[in-house]
Amino acid sequence: MRVTLVFALALFAAGCARREPVLPVAAASPPATNGANLYAQHCLSCHMADGGGVPNLQPSLIDSLLAPGDPGALLALILRGSAGQPAPNPEYQNVMPGFGFLSDAEIAALATHLRKNFGHAAPPVSPADVAAARAQPPSG
Amino acid sequence: MLPRFSQLLVALALLASPVAFAKPPSPDADNGGLTLPPGFRAFVVADDLGSLRQMAIAPNGDIYLKTLRGGIIGLRDADGDGRAETKVAFGSGGGTGIALRGDWLYHSTNDAVFRYRLTPGQLAPGGEHERIVRNLPSERSHAAKTIAFDGEGRLLVEVGTPTNALGNPDRAPGAKGLDYTGHLEKYGGFWRFDPDRPDQTQAEGTRFSTGHRHILTIAWNDVAGDFFTVMQGRDQLDVVAPQLYTSADNAELPGEEFHVLRKNSDLGWPSTYWDPQQKKRVFAPEYGGDRKKTPPPGRFQDPIFSFPAHWSPMQMAFYRGTQFPEKYRGGAFIAFHGSWNRAPLPQKGYQVAFVPFDPAGSPLGTWETFADNFAGTTVIASPRDARFRPNGLAVGPDGSLYVADSLKGRVWRIIYTGESASAKAN
């Protein structure tokens, strides 16, 4: 019954202003809604390129039950960060900030990327799902 | 008559000691997986002990290791072959810090400091531990409490900040630094306590140093009469200020600062960091920094030198033995856990470094890699790719250097033989 909380995905900052591209980004779709780009910009720093996380600091997305699970719980974590969670997993020491500053479309693309990669094959998340999650009162 | 009496004394001394120093143990053919300077060899003392944190070694060679989430492990090499045959486990509660002072074994959980009284000749303490400091702040991040004793035996305990750079929101793009004066009254410093008085609170201690983010690595240098330390520097400059830093910049900034630590030393966290490329202390982006702006001269203490960014120093010991060659005597060995915050560039620093000191107890201002290949791979894409990560480090009574791993729980002993492992074995 132990649930590995994914705290999250990441941190990071808008990579569009970078002077030199150091991230292996997938080039196809427009950056704002490309899940792989968003992952590289905001999540990879802590959760690593392979999603494996860092022992004791940031959880693995590969082992995560939250990423492919209930979209509401995943979106609450992305929007409000791990500090906004009712019961953060004490196994991981670093706190994930919220990513509510991203648009509904960006968060939907990012969440969908998490649900379809790192060994997962869960249904996608829509911008409407994100808007609904934003409207929920914080659970923490 | 006298010679025979001396022989008897030697025999008695050998019997009383669990470690026979006379015959050097034979190293592992592959040095336990490590790479070492010419003339050094290594072997595995114990393996698969779990996630090991800091280490202390008693004058008789007994080894004590803190485990991250369990108790303390005691190891003894009863037959003198260098490998530990006797293992005891005691206590609980996890934690990081461990240090010996006379017959007392001090250790820390994330919110308190305790001590056990050791009985001469016995590996495990006979009774329960006594609490010396209680109710220390413990908020998940940087909650580990390193402990050390100064030349007068006074106890120092570090309280790190639970944040990265006291940003609002911390670690987030555009984070603004909060007022740190109040924060530093409780976090980001060493506090000094009476080592013998039970149940002290933080308020009953004296703040010794301030303005540091988190420190696990500290050792008293009895020649200099000073503490030396390496700070765990901040993360994620590129995340907080992408307009100023690329992830490649962040991979090399800031330096892990090596300092002499004295009463009232202020190391400049959270408003500044050390830029090793410019060799300057500059303001952090959370506090209006633009990579150039510097604080007034003398406002904060500059490091003596710095290690590469994000290497994460875990434990340090001065070398007072005579087994190793001259250049190592009086210098410092430091275990680095290795980075995570260089992604997407490869991770680095999974090693033990050596810092030479002059005979007067001053660092020469340089450092070198001593033991390496803990990770077992040359390109470390993620910390999960590492086979081992150095964490605990201590010098044994015969001058051997011991290193403990935080991933699987291997303990190595490094010895000087004058010979290197054969190319075949490597």
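Scroll up to find the structure this text is about.
Numbers given for residues are sequential positions, taken from 1 along each chain in its written order. Numbering of ligands from 1 and lettering of chains from A proceed in the order in which they are written. Per-residue local features of the predicted model are confined to residues with pLDDT of at least 70, and side-chain atom pairs are confined, for both listing and counting, to 80 or more; whole-chain, interface and lining totals are unaffected and use all residues. Hydrogens and water are ignored here; the side-chain numbers use all heavy atoms of the structure.

1. Structural notes on the overall build of chain A
Logical step 1: Helix and strand definitions here come from DSSP, where helices need a minimum of 4 consecutive H or I residues and strands a minimum of 2 consecutive E residues; each element is numbered from the N-terminal end. Within chain A, the secondary structure is distributed over 5 helices and 0 strands.
Logical step 2: Its helices and strands in sequence order give chain A the pattern α-α-α-α-α, from N to C terminus.
Logical step 3: Burial status follows relative accessibility: with a 1.4 Å probe on protein chains alone, a residue under 20% of its type maximum counts as buried, one over 50% as exposed, and anything between as partly exposed. Across the 140 residues that make up chain A, the buried fraction comes to 51%.
Logical step 4: Taking the intrachain contacts of chain A between residues at least 6 apart in sequence as the baseline, contacts between residues at least 24 apart amount to 66%.
Logical step 5: By element, 62% of the accessible surface of chain A is carried by carbon and sulfur atoms, the whole surface being about 5800 Å². Only heavy atoms enter the contact rule, under which two residues are in contact if any of them lie within 4.5 Å. Here the accessible surface of atoms and residues is derived via Shrake-Rupley with a 1.4 Å probe, and residues count as covered only by protein chains that are part of the display.

2. Some thoughts on the overall build of chain B
Logical step 1: Scanning chain B from terminus to terminus reveals 3 helices and 28 strands.
Logical step 2: For the radius of gyration, the atoms used are the C-alpha atoms, and the globule rule reads 2.2 Å times the number of residues raised to 0.38. In terms of C-alpha radius of gyration, chain B reaches 22 Å, essentially the compact-globule figure of 22 Å for 426 residues.
Logical step 3: A principal-axis box enclosing the C-alpha atoms of chain B has dimensions of 80 × 55 × 40 Å.
Logical step 4: Going through the 426 residues of chain B one by one, you find that 61% of them count as buried.
Logical step 5: Pairs at least 24 apart in sequence give 58% of the contacts found in chain B among residues at least 6 apart.
Logical step 6: By the counting scheme adopted, Arg and Lys are positive, Glu and Asp are negative, and His together with the chain ends is not counted. To locate a charge, take NZ of a lysine, CZ of an arginine, CG of an aspartate or CD of a glutamate. Looking at charge distribution, chain B has the averaged site of its 46 positive side-chain charges lying 2 Å from that of its 45 negative ones.

3. Comments concerning helix 3 (residues 71–80) of chain A
Logical step 1: Buried within helix 3 of chain A we find Leu-74, Leu-75, Ala-76, Leu-77, Ile-78 and Leu-79 of chain A.
Logical step 2: Residues of helix 3 of chain A that are buried make contact with helix 4 (104–116) and helix 5 (127–135) of chain A.

4. Topic: the sheet that holds strand 7 (residues 104–108) of chain B
All names here are of chain B.
Logical step 1: Strand pairing is defined by DSSP finding a minimum of two bridges between the two strands. Spatial ordering of the open sheet is given by 6-7-8-9, a layout of 4 strands whose pairing is antiparallel. Pairing within the sheet leaves two strands with one partner each, and these edge strands are strand 6 (98–101) and strand 9 (130–133). Strand-to-strand twist of the sheet, defined as the mean angle between neighbouring strand axes without regard to direction, takes the value 30 degrees.
Logical step 2: Of the strand pairs in this sheet, strand 8 (residues 113–117) and strand 9 are connected by 3 bridges, and their pairing is antiparallel. Within strand 9, the residue paired with Arg-115 across the bridge is Glu-130. All axes here are fitted lines through C-alpha atoms, helices being fitted over the stretch that makes contact, and every angle between N-to-C directions spans 0 to 180 degrees.

5. Re the packing of aromatic side chains
Residues and elements named next belong to chain B.
Logical step 1: Between rings of Phe, Tyr and Trp, where Trp is taken as its six-membered ring, a pair exists when centres lie within 6.5 Å; planes separated by under 30 degrees are stacked, by over 60 edge-to-face, and by other angles tilted. One pass over the full model with this rule turns up 35 aromatic pairs over all chains.
Logical step 2: When the centroid spacing of 5.5 Å and the interplanar angle of 80 degrees are considered together, the rings of Trp-311 and Phe-336 count as edge-to-face. Of the two residues, Trp-311 sits in the loop between strand 21 (305–307) and strand 22 (313–318) while Phe-336 sits in strand 23 (residues 332–336), which places them 25 residues apart along the sequence.
Logical step 3: Here the basic side chain of Arg-115 rests over the ring of Trp-104, its NZ or CZ set 3.6 Å away from the ring centre.
Logical step 4: Lying across the ring of Phe-388, Lys-408 places its NZ or CZ 4.9 Å from the centre. Note on geometry: a ring has a charge over it if NZ (lysine) or CZ (arginine) is within 6 Å of the ring centre and within 35 degrees of the ring normal.

6. Structural notes on the interface of chain A and chain B
Logical step 1: With 36 residues of chain A at the contact, the number on the chain B side is 29 residues.
Logical step 2: Throughout, the accessible surface (probe 1.4 Å) given up by two parts as they are put together, summed over both, is called the buried area. With both chains or domains summed, chain A and chain B bury close to 2600 Å², and 57% of this area falls on carbon and sulfur atoms.
Logical step 3: The rule for a salt bridge is simple: a side-chain nitrogen of Lys or Arg has to be within 4 Å of a carboxyl oxygen of Asp or Glu. For the pair chain A and chain B, the interface holds 1 salt bridge.
Logical step 4: Ionic pairing is found between Asp-63 of chain A and Arg-384 of chain B, a salt bridge with its closest N-O pair at 3.3 Å.
Logical step 5: Definition of a polar contact: a pair of N or O atoms within 3.5 Å, with one able to donate and the other able to accept a hydrogen when the atoms are protein atoms, and with sequence-neighbouring residues admitted only if both atoms are side-chain atoms. Where chain A touches chain B, the interface holds 9 residue pairs in polar contact (both at pLDDT 80 or more).
Logical step 6: Here the side of chain A that touches chain B is composed, by residue class, of 21 nonpolar, 9 polar and 6 charged. Residues are grouped as follows: Ala, Val, Leu, Ile, Met, Phe, Trp, Tyr, Cys and Pro are nonpolar; Asp, Glu, Lys and Arg are charged; all remaining types, including Gly, are polar.

7. Here we look at the nonpolar core
Residue and element names in this part refer to chain A.
Logical step 1: One finds Tyr-39, Leu-75, Ile-78, Ile-107 and Leu-114 to be the most contacted residues of the largest nonpolar core, which totals 31 residues.
Logical step 2: Elements with a minimum of two residues in this core: helix 1 (35–42), helix 2 (44–47), helix 3, helix 4 and helix 5.
Logical step 3: Considering each element in turn, this core owes the most residues, 6 residues, to helix 4.
Logical step 4: Among residues more than four places away in sequence, those in contact with Leu-75 are Ile-107, Ala-111, Val-125, Asp-129, Val-130 and Ala-133. Here the nonpolar core consists of buried residues drawn from Ala, Val, Leu, Ile, Met, Phe, Trp, Tyr and Cys, with membership extended through side-chain atoms lying within 4.5 Å.

8. What to know about the state of the cysteines
All names here are of chain A.
Logical step 1: The disulfide definition used here is simple: a pair of cysteine sulfur atoms within 2.5 Å. Under the criterion given, the structure shown has 0 disulfides over all chains.
Logical step 2: Looking at the unpaired Cys-43, the closest cysteine sulfur is the one in Cys-46, lying at 9.1 Å.
Logical step 3: Given the relative accessible area of 1%, Cys-43 is considered buried.
Logical step 4: With relative accessibility at 3%, the residue Cys-46 sits in the buried group.

Just geometry here; none of it tells us what the structure is for.
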